[in-house]
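These are the residues of each chain, in order.
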Amino acid sequence: MIRLLLAALLTLTLGAADIAQSQRAPLRIVTVDRAKLSANQRVDFEQYLRTADIPPTQSRNYCRYFEKPQAWCLYLDKPVADRLFQDLSRRFGSAASIEVVNRLR
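Attention here is on the structure that accompanies the text. Treat the numbers as computed from the prediction; the structure is a model and nothing was measured.

## Here's the deal with the packing of aromatic side chains
Part 1 of the reasoning: This structure, assessed with the given rule, holds three aromatic pairs.
Part 2 of the reasoning: A ring pair is formed by Tyr-48 and Phe-92, whose centres lie 6.0 Å apart and whose planes are at 80 degrees; its orientation type is edge-to-face. Remark: Phe-92 occurs in helix α3 (residues 78-92) and Tyr-48 occurs in helix α2 (residues 39-51); sequence separation between them is 44 residues. You'll find Tyr-48 and Phe-92 in the same group, each marked buried.
Part 3 of the reasoning: Among the aromatic residues, those joined into a ring-pair cluster are Phe-45, Tyr-48, Trp-72 and Phe-92.

Okay, structure coming up:
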């Protein structure tokens, strides 16, 4: 009985640690600087935003990031951000970028 309780406690403790770690894990910010896009690329980018499978939370919002009013950005967890960045950089070259951002607590 005591072993069972200890095992349950250990499982709960490790599970809580995993959850806490994932909540502290840094996010990635994926950015496309529209000022670096040609007119045709801007049209392609707007089409991309309408049709791509991007998380819906902020996919159509622009953000003012490092004082770049033409920048579109999205904060994502690492695996999703990496996948999105690869796709954007393949399509839009150096206008796409990715950076690590720490979560505020």
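Having seen the model, we can carry on.
## Some remarks on the sheet that holds strand β1 (residues 27-33)
Part 1 of the reasoning: With antiparallel pairing, three strands are arranged side by side in an open sheet as β2-β1-β3. One side of each edge strand has no neighbouring strand; the edge strands of this open sheet are β2 (71-76) and β3 (96-101). Taking each pair of neighbouring strands and ignoring which way they run, the sheet shows an average axis angle of 20 degrees.
Part 2 of the reasoning: Here six bridges tie β1 to β3, and the two strands are oriented antiparallel to one another. Paired with Ile-29 across the two strands is Glu-99, which belongs to β3.

What counts, and where the lines are drawn
- Residues numbered from 1 in each chain as written.
- Predicted model: local features only at pLDDT ≥ 70, side-chain atom pairs only at ≥ 80, totals over all residues.
- Heavy atoms only, no water.
- Phe/Tyr/Trp six-rings, centres within 6.5 Å; stacked < 30°, edge-to-face > 60°.
- Helix = DSSP H or I, 4+ residues; strand = E, 2+ residues; numbered from the N terminus.
- Buried < 20%, exposed > 50% of the residue type's maximum accessible area, 1.4 Å probe, protein only.
- Pairing = 2+ DSSP bridges.
- Axes fitted to C-alpha atoms, helices over the stretch in contact; angles between N-to-C directions.

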